[in-house]
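Architecture at a glance
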Amino acid sequence: MNIHEYQGKEILKSFGVRVQEGIVAETPEQAVEAAKRMKEEFNSDWVVVKAQIHAGGRGKGGGVKLAKNHDEVLQRATDIIGMQLVTPQTGPEGKKVNKVLVAQDVYYPGDSETKEFYMSVLLDRATGRNIIMYSTEGGMDIEEVAEKTPHLIFKEEIDPKVGLQGFQARKIAFNLGLSGAAHKDMVKFVAALYKAYDSIDASMFEINPVLKTSDDKILAVDAKVNLDENALYRHADIAALRDITEEDPTEVEAGESNLNYVKLDGNVGCMVNGAGLAMATMDIIKLAGGEPANFLDVGGTANAETVKAGFNIILKDPNVKAILINIFGGIVRCDRVAQGVIDAYNEIGNIPVPIIVRLQGTNAKEAKELIDQSGLQVYSAILLKEAAELVTKVLEEGK
């Protein structure tokens, strides 16, 4: 589960991480009021107006703007709120901005130069251990840094038996070229950041940039936080931060029906029980000359209700030209699934695309008979090869 920058910063603050302060606004007028409050607290008219969407690269898309007075705040907020913000991570359709963060200006002049760093905490799946990845090249695309100057990216592996050690935090600060007060503050920053990551069962914390201010303070200017959905039952307060307006509406609907759904760009809808079988089914569709339109796992207890919900979700995609239902009857009996398909078909009414049903396992033959005798426009198969051939056939007929 992703959360907004301002929410991530609140979590960081609760663990003692210094952050760029800010106030959320949903209208330009609220943004101006927020700027006035920031003036009272930090004695500066300068603020940064930052679009709040679940995507990085907002600055490149025009979603982060400096404002030097309240008139500029009003104009910047008016421009950003309601805009369709396109970034490298949103795709060409972009995302609508519903709110902004009016944040303090932390690039103020002082005794030393400001410096930007990159830092993230995540799981290294190759070793099964958490790592802190960091670089002196903050404020830019870390992928570009990894490609062009990989020697500027450092990794610190954390032993789960003992956690982050003091010498590791000091090593990070040293590798970033810090000394004196800034070095000490970075050590505290790293320790607090890792504690936050570990305590809330996050799958990633990414701070880009981490800033050394002109008075040698270390703080998080941004906060990209991804949470492990499997652990949200332990963190009801964090689960409540979910913003479904930032998610695909169809995927939200699928989740409410306990279906695992991911939309893709193809023309053949898939309804399968089991993630591994779903992946194999998508491969078969491609080999048959089609492109999968979705990943849809109905789980091990497929029945009329889940099949109906799956149909409704798949049919929301106008690109779907055929639907392939591929069920292995291990826990669930194939004849019950077949009856569920028939009941769902009759309840929905006319389904405008051909349906191929492949059922294998317990009572597969009985299931095929039910489908064949139903009188519905449904093709049945037992072998996966047969199902693939039927997919090819209906796609050719539809051209």
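Rules of the game
Residues numbered from 1 in each chain as written. Predicted model: local features only at pLDDT ≥ 70, side-chain atom pairs only at ≥ 80, totals over all residues. Heavy atoms only, no water. UniProt positions renumbered as here; feature names shortened; annotations may be inferred. Helix = DSSP H or I, 4+ residues; strand = E, 2+ residues; numbered from the N terminus. Buried < 20%, exposed > 50% of the residue type's maximum accessible area, 1.4 Å probe, protein only. Salt bridge = Lys/Arg side-chain N within 4 Å of Asp/Glu carboxyl O. Expected span 1.5 Å × (residues − 1). Core = buried A, V, L, I, M, F, W, Y, C linked by side-chain atoms within 4.5 Å.

In the annotation of an unreviewed UniProt entry, the protein chain is listed under the name Succinate--CoA ligase [ADP-forming] subunit beta and assigned to Sphingobacterium humi. Taken directly from UniProt, the Subunit (unreviewed entry) text for the protein chain runs: "Heterotetramer of two alpha and two beta subunits." One UniProt comment on the protein chain, placed under Sequence similarities (unreviewed entry), says "Belongs to the succinate/malate CoA ligase beta subunit family."

This part covers the environment of Glu 396. Tracing the backbone through its elements, the reader meets Glu 396 in helix α13 (residues 384–398). Look at Glu 396 and you get partly exposed, because its relative accessible area is 48%. The spacing of Glu 396 and Ser 203 is 193 residues in sequence and 44 Å in space, taken between C-alpha atoms.

Counting across every chain of the model gives 24 salt bridges. Measuring nitrogen to oxygen at the nearest pair gives 2.9 Å for the salt bridge that ties Arg 58 to Glu 5. In this pair, Arg 58 is assigned in the loop between β2 (47–51) and β3 (64–67) and Glu 5 in helix α1 (residues 5–14), connecting sequence segments 53 residues apart. Considered together, Arg 58 and Glu 5 belong to a single accessibility category, that of buried residues. Between Asp 317 and Lys 263 there is a salt bridge, and its shortest N-O distance comes to 3.8 Å. Here the residue Asp 317 occupies a position in the loop between α10 (304–314) and β16 (322–329), and Lys 263 occupies one in strand β13 (residues 260–263), the gap between them amounting to 54 residues. The class of Asp 317 is buried, set by a relative accessible area of 6%. Overall, the relative accessible area of 34% leaves Lys 263 in the partly exposed class.

It is worth spelling out helix α11 (residues 334–348) at this point. Between its first and last C-alpha, α11 extends 21 Å over 15 residues, near the 21 Å set by a 1.5 Å rise per residue. All of the buried residues along α11 are Cys 334, Asp 335, Val 337, Ala 338, Gly 340, Val 341, Ile 342, Ala 344 and Tyr 345. Note on α11: the residue one or two positions beyond its end, Gly 349, has a positive phi of about 100°.

Here we take up the nonpolar core. Formed by 40 residues in total, the largest nonpolar core has its most connected members in Leu 12, Met 119, Ile 132, Met 186, Phe 189, Phe 205 and Leu 227. Among the secondary structure elements, those contributing two or more residues to this core are α1, β7 (115–124), β8 (129–135), α5 (166–175), α6 (180–199), β10 (202–212), β11 (218–220) and β12 (224–227). Counting residues per element, this core draws most heavily on α6, at ten residues. Ile 351, Val 353, Leu 359 and Ala 367 belong to the second largest nonpolar core, which has 34 residues in total.

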